[in-house]
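Fold and geometry: a report
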Amino acid sequence: MNDFDGNQYKTQKYGNTIWMTENLRTTRDKHGNEVMYYFPNEDPTKSEDFGLLYDFETHAGFVLTDGSFHRMKIGKRCLI
């Protein structure tokens, strides 16, 4: 699976649900807009191992659907 920055992620299927086995590292949404993110311990070199950290609104907006990331409205329930 790829994100909007071209990062590739491994996934694992459990029953009918597909889970990412790696941490998200995207910096843009599907419209190309930059999203709010932070580096672990403010160290960019750690993002490959630990992914990026996101604020609540950004985090709640990423959903895995049909093999791609989509943003959804805050308040809808999703598994991340």
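That block above? That's the structure.
Here the focus is the overall build of the protein. Looking only at helices and strands, the protein has two helices and six strands in total. N-terminal to C-terminal, the α/β element order of the protein is β-β-β-α-β-α-β-β. Looking at the protein residue by residue over its 80 residues, the buried ones come to 25%. Counting only contacts in the protein whose residues sit at least 6 apart along the sequence, the fraction spanning at least 24 positions is 27%. Total accessible area on the protein stands at roughly 6,000 Å², and carbon and sulfur atoms take up 47% of it.

Unlike most non-glycine residues, Asn-41 shows phi in positive territory, near 55 degrees. Of note, Glu-42 is a non-glycine position whose phi angle comes to about 55 degrees, a positive value. Examined against the element boundaries, Glu-42 turns out to sit in the loop between strand E3 (37–38) and helix H1 (47–50).

One pass over the structure, following the stated rule, counts one aromatic pair. With 5.8 Å between their ring centres and 85 degrees between their planes, Tyr-37 and Phe-39 make a pair best called edge-to-face. In this structure Tyr-37 comes out as partly exposed when scored by relative accessible area, which is 24%.

The rules we used
- Each chain has its residues counted from 1, running along the sequence as written.
- A pLDDT threshold of at least 70 governs which residues receive local features in this predicted model, and a stricter bar of 80 or more applies before side-chain atom pairs are shown or counted, although totals over entire chains, interfaces and linings include all residues.
- For the side-chain quantities, the full set of heavy atoms in the structure was used; hydrogens and water were omitted.
- Comment: elements are numbered from the N terminus, with helices defined as DSSP H or I runs of at least four residues and strands as E runs of at least two.
- Under the scheme applied here, a residue whose accessible area is under 20% of the maximum for its type counts as buried, over 50% as exposed, and between as partly exposed, the area being computed with a 1.4 Å probe on protein chains only.
- Residue contacts are counted whenever heavy atoms from the two residues lie within 4.5 Å of one another.
- Computed with the Shrake-Rupley method and a 1.4 Å probe, the accessible areas treat only the protein chains shown as cover for residues.
- A pair of Phe, Tyr and Trp rings is counted when the ring centres sit within 6.5 Å of each other, with Trp represented by its six-membered ring. The angle between the planes then sorts it: under 30 degrees is stacked, over 60 is edge-to-face, the rest tilted.

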